[in-house]
Amino acid sequence: MHPFRDVVVAGVHNPRQARVLEGETSLSVAIDATLGALADAGLDVRDVDGITGSLSSDLTYELGLGPVWQSASALGIPAVMEAAAQIATGLSDVVVVAAGQAGVYTERASTAPWTRPNHEFVAPYGMFTAAEFALIARRHMHMYGTTAEQMATVAATVRNNGHVHPDAIYAGRGPFTVDDILASRMVADPFHLLECAMTSEGGCAIVLARADRVPDLPHAPVWILGGSTDRIGPSYRHAPAWDLRGRDPDGIPNGYVGRRAARRAFATAGLGPDDVDVCELYDPFSFEIIRQFEAFGFCGEGEGGPFVMDGTIGPGGRFPITTDGGLMAFSHGGQTSQLLQRVIRGVQQLRGTCTTMQVEGAEVALCSGGGAGALFNDVLLLGRERP
Amino acid sequence: MSPESAPTGDDRLVPQPATIPPPTPSSHSAPYWEAAARHELVYQRCDACKRAEFDPAVVCRRCGARALTWARSAGLGTVYSWTVVWRPQQPSFVVPYAPAIIDLDEGYQMLAAVIGCRVADLAVGLRVAVEFHPVADGFALPYFRPA
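Residues numbered from 1 in each chain as written. Chains lettered and ligands numbered in written order. Predicted model: local features only at pLDDT ≥ 70, side-chain atom pairs only at ≥ 80, totals over all residues. Heavy atoms only, no water.

Draft legend 1. Focus on the sheet that holds strand 1 (residues 7-13) of chain A. Residues and elements named next belong to chain A. In space, the nine strands of this open sheet follow the order 3-2-4-7-1-8-11-10-9, with mixed pairing throughout. This sheet does not close on itself; its edge strands, each paired only once, are strand 3 (69-70) and strand 9 (278-280). The strands touched by helix 1 (residues 26-41) are strand 1, strand 4 (94-101) and strand 7 (202-210); relative to strand 1, the strand with the most contacts, the crossing angle is about 125°. Sheet strands touched by helix 3 (residues 77-88): strand 1, strand 2 (50-52), strand 3, strand 4, strand 7, strand 8 (222-231), strand 10 (364-371) and strand 11 (376-383). Its angle to strand 8, the strand with the most contacts, is close to 125°. (Pairing = 2+ DSSP bridges. Helix = DSSP H or I, 4+ residues; strand = E, 2+ residues; numbered from the N terminus. Contact = heavy atoms within 4.5 Å. Axes fitted to C-alpha atoms, helices over the stretch in contact; angles between N-to-C directions.)

So this is what it looks like as structure tokens:
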């Protein structure tokens, strides 16, 4: 029996995302997200008996959910996995995973201030996310000859997905060519500005439910086929080396963080990369897409650069990526909501309700979160067919 | 670095001004910063498995032994990976600067920054040597210069 046979993704919701959400707070965004996801599932707040996510304590109080099972798993896929396990083990029936962020980071003179390391061995060297991920990308370029054009192809593909998406913060900003990407100013070599995630405000929520609690869902149910999370250490405190390993000198290096998680996810699902129809990959920086295709086994080591060329990852390609525009163009609402939004887009793809970049007949979606520059990478497999 | 995106300014890599925020040592990293103030680069070596360990550890990250002994590095190594930051992470930093991971000859890696050359000189495999520069509160920060 599949461990998540009785766990259905019942509701999802993205409230409005924006560079700045005037008048909103993180809590108000998360409340809108939660209520929207419950409405999407045809459920009421009184049906909720579990909640997780970074604002779970406030949401429990403000929405009057208590007494309720509550956790604070924050980072997207781990929170979804926790909620799914909670239901699969019979400990909860309807669990909300919510995130929201607004009015938190107002320091516009700095780059991605929430990633500024408060750590003595990296802070004095002016590190921040783009530099962390650049050190990973540069090593791969050195080892395998990965090119600026290959990385820019990723960025153009993701940004063009956002360009046509009416709810994306950067809707209508494109279209972008590879040359446009390469002509944008350098932020942290090899990353040009248009190869980096935006910074914005926003939120989202997902409702998971035991299948027999939602027999009359207003839309196609989506199922959790498998998933796992990989962690190497705390983000942005230690040198992000490609070859960083744990105790096992022959173990998977940080450069391929996510590989163990992908193997476990595929094993639980009884599937492999060839069974995936759409790749909702986390896109903090262009190179991370190339790296994840290698880490997850879609191509061989060092083959990720050529793999993303020739239309494979674009509209109508074999493995369309990040179809709403992702962190580069849809939203990057701070620490956690963008990590959950890859899962939401995967659900929308499998429901067949995307108004743009719908992958026709999509049966299996792979969603991810994190990256090697941050020493973590998570994988979730979703499907239309009950496992 | 494509020419059209290069700022018109200088592309020489120099140490940051001493006004950047100083490090905030912990109790087990204090020996590192005390040595740095004397312009000595140190690391830990595991008495049991001989692994070179950095940044400062409580137990050996490979074998778990608690007996870690501070040792002095010759400060020579090669660039393992590098980047050039063109937009400062915070206003006290002067761009461009070049964070890099250095492979020290003693067998460990550390994050630092490369100075004393131009952006175009940066490369994986570049031989470098440590050089200390002052920051606030009496601290000295190791940088690496082409050797």
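What follows picks up the thread again.
Draft legend 2. Local environment of the packing of helix 5 (residues 148-163) of chain A against helix 8 (residues 286-295) of chain A. Residues and elements named next belong to chain A. Here helix 5 crosses helix 8 at 100°, and the two axes come no closer than 7 Å. If you check the angle between helix 5 and helix 8, you find them roughly perpendicular. Residues Gln150, Met151, Val154 and Ala155 of helix 5 touch helix 8, and the partners they reach there are Ser286, Phe287, Ile289 and Ile290. (Parallel < 35°, antiparallel > 145°, perpendicular 65-115°, else oblique.)

Draft legend 3. Expanded view of the interface of chain A and chain B. Taken together, the contact pairs 39 residues of chain A with 45 residues of chain B. With both chains or domains summed, chain A and chain B bury close to 3500 Å², and 56% of this area falls on carbon and sulfur atoms. For chain A, the biggest contributors to the area lost against chain B are Glu120(A), Phe121(A) and Tyr125(A); these three give 23% of the whole. At the surface where chain A touches chain B, the tally comes to zero salt bridges. Scanning the region where chain A abuts chain B turns up 13 residue pairs in polar contact (both at pLDDT 80 or more). If you list the elements that add at least two residues to the side of chain A that touches chain B, you get helix 4 (129-144) and strand 5 (186-188) of chain A. Considering every element that reaches the side of chain A that touches chain B, the biggest residue donor is helix 4 of chain A, with six residues. (Buried area = accessible area lost by both parts, 1.4 Å probe. Salt bridge = Lys/Arg side-chain N within 4 Å of Asp/Glu carboxyl O. Polar contact = N/O pair within 3.5 Å; in protein donor to acceptor, adjacent residues only side chain to side chain.)

Draft legend 4. A look at the side chain of Arg351(A). Residue and element names in this part refer to chain A. Tracing the backbone shows Arg351 in helix 11 (residues 337-351). The exposure class of Arg351 is buried, given its relative accessible area of 12%. At 3.4 Å, the side chain of Arg351 and the backbone oxygen of Ala10 are in polar contact. (Buried < 20%, exposed > 50% of the residue type's maximum accessible area, 1.4 Å probe, protein only.)

Draft legend 5. Region of interest: the pairing of strand 1 (residues 42-46) of chain B. Residue and element names in this part refer to chain B. Among the five residues that make up strand 1, four are buried, leaving the element largely enclosed by the rest of the structure. Sheet analysis places strand 1 next to strand 3 (residues 68-72), joined by five bridges and oriented antiparallel. The residue of strand 3 that forms the bridge with Arg45 is Thr69. The antiparallel hairpin formed by strand 1 and strand 2 (residues 52-53) contains five residues in its connecting segment, where Lys50 sits at a positive phi of about 70°.

Draft legend 6. Local environment of the environment of Gly76(A). Residues and elements named next belong to chain A. Structurally, Gly76 is set in the loop between strand 3 and helix 3. Counting along the chain gives 260 residues from Gly76 to Thr336, while the straight-line C-alpha distance between them is 6.3 Å. Residues in contact with Gly76, not counting those within four places in the same chain, are Leu339 and Leu340.

Draft legend 7. Representation of the pairing of strand 7 (residues 127-134) of chain B in the model. All names here are of chain B. In this structure, strand 4 (residues 76-82) lies alongside strand 7, joined through three bridges in antiparallel fashion. The residue bridging Thr78 from the neighbouring strand is Arg127, located in strand 7. Relative to strand 8 (residues 140-146), strand 7 is paired through seven bridges, and the arrangement is antiparallel. Each residue of the ladder has a partner; that of His133, found in strand 8, is Leu141. Taking the residues between adjacent antiparallel strands as the criterion, strand 7 and strand 8 are bridged by five residues, where Asp137 takes a positive phi near 65°.

Draft legend 8. Quick look at the pattern of salt bridges. In the structure shown here, the tally under the stated rule is 23 salt bridges over all chains. One salt bridge in this structure joins Arg351(A) and Asp40(A), with 2.9 Å as the shortest N-O distance. Of this pair, Arg351(A) sits in helix 11 while Asp40(A) sits in helix 1, and the two are 311 residues apart along the sequence. Here Glu53(B) and Arg61(B) are joined by a salt bridge, their closest N and O atoms 3.0 Å apart. Given a relative accessible area of 32%, Arg61(B) falls into the partly exposed group. One salt-bridge network, held together by shared partners, links Asp47(A), Asp93(A), Arg210(A), Asp212(A) and Arg213(A).

Draft legend 9. Quick look at the layout of surface pockets. Estimated volume of the second largest pocket: approximately 800 Å³. Lining the second largest pocket are 27 residues, with Leu244(A), Arg245(A), Arg51(B), Glu53(B) and Phe54(B) sitting closest to its centre. Counting residues per element, the ones that place at least two in the lining of the second largest pocket are strand 2 and strand 6 (109-113) of chain B. No other element matches the three residues that strand 6 of chain B contributes to the lining of the second largest pocket. (1 Å grid on protein atoms, 1.4 Å probe; cavity = no way out; pocket = protein on both sides within 12 Å on 5 of 7 lines; lining within 4 Å. Points joined across faces, edges and corners; volume = space filled by probe spheres on them.)

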